[in-house]
Amino acid sequence: MELPGLGRHCAERACRRLDFLPLKCDACGEVFCKDHIRYDDHKCGSAYKKNVQVPVCPLCNAPIPVQKGEIPDVVVGVHMDKDCKYNPAQQKEKIFTNKCLKPGCKRKEMMKVVCEQCNGNFCIKHRHPLDHDCKGSSHPISKAGYAALMRASQTAFKSTEAIAVPSNGNRQHNRCR
């Protein structure tokens, strides 16, 4: 052997493998290979000191303290019978409660989406006044929407009739008289 002091033998009697990256058990202090480092794999007698698991109540998701020597299932059962703060009504609380008022639409939203003109509650698809045939006022309140409607109406007006405005301010049609 070239380097006899390198590595350690596994403390498991059936293994005794020479391991160059040995692992020390944090409960019993023995050195093991990667195959026997778990408490169950080397039947650790001191595992109870380190292998502590805290059961969680399946109803309220609260950790339940278990004393040494108690059976976790019994302790969780006692908690569920006496101390559990589980509220079944809280689980049944609906999230999507705001129904769209557009006729024929059955969508519901988590938050209210209120139209600023008619104060109706609508889904995301029908939130704009033009999408739900709003009867609140004659033009949209937002400046961007109003500007878009004005541009559209001016474009339609210009395409139907060509109007020339002379410098004196009188409107004349571009037709021969």
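Caption draft 1: Region of the structure containing the overall build of the protein. Each helix and strand counted, the protein has four helices and eight strands in total. Along its sequence from the N terminus, the protein presents helices and strands in the succession β-β-β-β-α-α-α-β-β-α-β-β. A fraction of 10% describes how many contacts in the protein between residues 6 or more apart in sequence connect residues 24 or more apart. When the accessible surface of the protein is summed, it comes to about 14,700 Å², and 53% of that surface belongs to carbon and sulfur atoms.

Caption draft 2: Expanded view of a nonpolar patch on the surface. Side chains of I95, F96, M110 and M111 sit close together on the surface and give an oily, nonpolar patch of about 470 Å² of accessible area. Assignment of secondary structure puts M110 in the loop between β6 (108-109) and α4 (143-160).

Caption draft 3: The pattern of salt bridges, seen in detail. Per the counting criterion, the structure on display carries four salt bridges. The salt bridge partner of R17 is D35, with a shortest N-O separation of 3.1 Å. Linking R17 in the loop between β1 (8-9) and β2 (18-19) with D35 in the loop between β4 (31-32) and α1 (47-50), this pair joins segments that are 18 residues apart in sequence. Of the residues examined, D35 reaches a relative accessible area of 34% and is grouped as partly exposed.

Caption draft 4: Quick look at a positive patch on the surface. On the surface, a cluster of positive charge is contributed by K94, K99, K106 and K108. With respect to the helices and strands, the residue K108 is situated in strand β6. A residue is classified by how much of its surface remains accessible, and K108, at 42% relative accessible area, is partly exposed.

Caption draft 5: Inspection of the environment of V52 at higher detail. By the secondary structure assignment, V52 is in the loop between α1 and α2 (72-82). Distance from V52 to K68, taken between C-alpha atoms, is 9.7 Å for residues 16 residues apart in sequence.

Caption draft 6: Region of the structure containing α2. Taken together, the buried positions of α2 are V75, V76 and H79. One face of α2 carries all of its buried residues, which in axial projection span an arc of 100 degrees. Residues of α2 that are exposed and angled more than 90 degrees away from the buried face: D73, V74, D81 and K82.

Caption draft 7: Quick look at the confidence of the model for the protein. Considering every residue of the protein, the mean pLDDT works out to 79; 77% of them sit at 70 or more. Taken together, the stretch residues 171-177 has pLDDT below 50 and engages in nine contacts with residues farther than four places along the chain or on a different chain.

Caption draft 8: Layout of unusual backbone geometry. Even without glycine at this site, N61 takes up a positive phi of about 60 degrees. Among the secondary structure elements, N61 is positioned in the loop between α1 and α2. Its relative accessible area of 58% is what places N61 among the exposed residues. One non-glycine residue, D133, lies in the positive phi region at around 50 degrees.

Caption draft 9: Main features of the state of the cysteines. In total, this model carries zero disulfides according to the counting rule given. Between C10, a free cysteine, and C33, which holds the nearest cysteine sulfur, the sulfur-to-sulfur gap is 3.8 Å. Here C25 is not disulfide-linked; the sulfur of C28 is the nearest cysteine sulfur, at 3.6 Å. The class for C25 is buried, based on a relative accessible area of 3%.

Caption draft 10: Broad picture of the environment of F20. Among the secondary structure elements, F20 is positioned in the loop between β2 and β3 (23-24). Judged by relative accessible area, which is 53%, F20 ranks as exposed. When the C-alpha atoms of F20 and G7 are compared, they prove to be 4.0 Å apart, with 13 residues separating the residues in sequence. Among residues more than four places away in sequence, those in contact with F20 are L6 and G7.

Cut-offs used in this document
Residues numbered from 1 in each chain as written. Predicted model: local features only at pLDDT ≥ 70, side-chain atom pairs only at ≥ 80, totals over all residues. Heavy atoms only, no water. Helix = DSSP H or I, 4+ residues; strand = E, 2+ residues; numbered from the N terminus. Contact = heavy atoms within 4.5 Å. Areas by Shrake-Rupley, 256 points an atom, 1.4 Å probe, with all protein chains shown as cover. Patch = residues over 30% accessible without salt bridge, like charges linked within 9 Å, V, L, I, M, F, W, Y side chains within 5 Å. Salt bridge = Lys/Arg side-chain N within 4 Å of Asp/Glu carboxyl O. Buried < 20%, exposed > 50% of the residue type's maximum accessible area, 1.4 Å probe, protein only. Lys, Arg positive; Asp, Glu negative; His and termini not counted. Charge placed at Lys NZ, Arg CZ, Asp CG, Glu CD. Arc of directions from axis to C-beta. pLDDT = per-residue confidence, 0-100. Disulfide = S-S within 2.5 Å.

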